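For reference, the chains in residue letters:
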Amino acid sequence: MTTQKIVKTLIIMFTSPIVVAAIITGLMNYFTKRKTEKKIEQEKAELATKMLSQIEKEKASLQEVLLKEVEKTKGEIQMKLEQTKANYQKELDIHRAEIEKQKAHAFRYSEHQFKL
């Protein structure tokens, strides 16, 4: 077969309506598949961005709640500490008064003993 006959055969083969339709269908399928894959990748990226944004919002919200709880607990602890300190101070004052009372009593007793 000569080159000229091969070229004529190829031209006839590629100009056949069935072959042309098959080539066009194949190209359409290829580009449709490629377009669909790109769209899926874009949707995945958008979804990932939305999820990341939502996670960041939830993280900020949880940090805010946690900070409020820490401040609340800190306030409660501070209040209990002040109350405990006041209670100890009251007990200390009571003991000091008792000691002063006993000192006065001991002083009066020693004066009484000295007079005798």
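These numbers come from a predicted model, not from an experiment.

Student: Can you walk me through the overall build of the protein chain in this structure?
Tutor: When its secondary structure is counted, the protein chain shows two helices and zero strands. In terms of overall dimensions, the protein chain is more spread out than a globule: its C-alpha atoms have a radius of gyration of 48 Å, far above the 13 Å expected for 116 residues. Expressed as a percentage of the 116 residues in the protein chain, the buried residues total 0%. Considering the protein chain, the positive charge centre built from 22 side chains and the negative charge centre built from 16 side chains are found 12 Å apart.

Student: Can you walk me through a nonpolar patch on the surface in this structure?
Tutor: A contiguous nonpolar patch, built from Ile23, Leu27, Tyr30 and Phe31 and spanning about 400 Å² of accessible area, is present on the exposed surface. With respect to the element layout, Phe31 can be found in helix 2 (residues 17-115). Take Phe31: its relative accessible area is 47%, and that puts it in the partly exposed class.

Student: Just checking my understanding: could you explain the pattern of salt bridges for this structure?
Tutor: Where charged atoms from two side chains of opposite charge approach closely, those side chains can pair. In the structure shown here, the tally under the stated rule is three salt bridges. Of the charged contacts, one joins Glu64 and Lys68 as a salt bridge, the two residues approaching to 3.5 Å between their closest N and O atoms. Of the two residues, Glu64 and Lys68 are both situated in helix 2; the distance of four residues between them amounts to about one turn of the helix. Taking relative accessible area as the criterion, Glu64 reaches 48% and is therefore assigned partly exposed. The residue Glu100 makes a salt bridge to Lys103 at a minimum N-O spacing of 3.6 Å. Here the residue Glu100 and the residue Lys103 both occupy positions in helix 2, the gap between them amounting to three residues, near one helical turn.

Student: What am I meant to see in the environment of Gly75 here?
Tutor: Along the chain, the position of Gly75 falls in helix 2. With relative accessibility at 38%, the residue Gly75 sits in the partly exposed group. The spatial distance from the C-alpha of Gly75 to the C-alpha of Glu37 is 56 Å, given a sequence separation of 38 residues.

Student: Even after reading the chapter, I still don't get the environment of Gln54, so can you show me in this structure?
Tutor: With respect to the secondary-structure elements, Gln54 resides in helix 2. Linking Gln54 and Ile11, residues 43 residues apart in sequence, is a C-alpha distance of 59 Å.

Analysis parameters
- Residues numbered from 1 in each chain as written.
- Predicted model: local features only at pLDDT ≥ 70, side-chain atom pairs only at ≥ 80, totals over all residues.
- Heavy atoms only, no water.
- Helix = DSSP H or I, 4+ residues; strand = E, 2+ residues; numbered from the N terminus.
- Rg over C-alpha atoms; globule rule 2.2 N^0.38 Å.
- Buried < 20%, exposed > 50% of the residue type's maximum accessible area, 1.4 Å probe, protein only.
- Lys, Arg positive; Asp, Glu negative; His and termini not counted.
- Charge placed at Lys NZ, Arg CZ, Asp CG, Glu CD.
- Patch = residues over 30% accessible without salt bridge, like charges linked within 9 Å, V, L, I, M, F, W, Y side chains within 5 Å.
- Areas by Shrake-Rupley, 256 points an atom, 1.4 Å probe, with all protein chains shown as cover.
- Salt bridge = Lys/Arg side-chain N within 4 Å of Asp/Glu carboxyl O.

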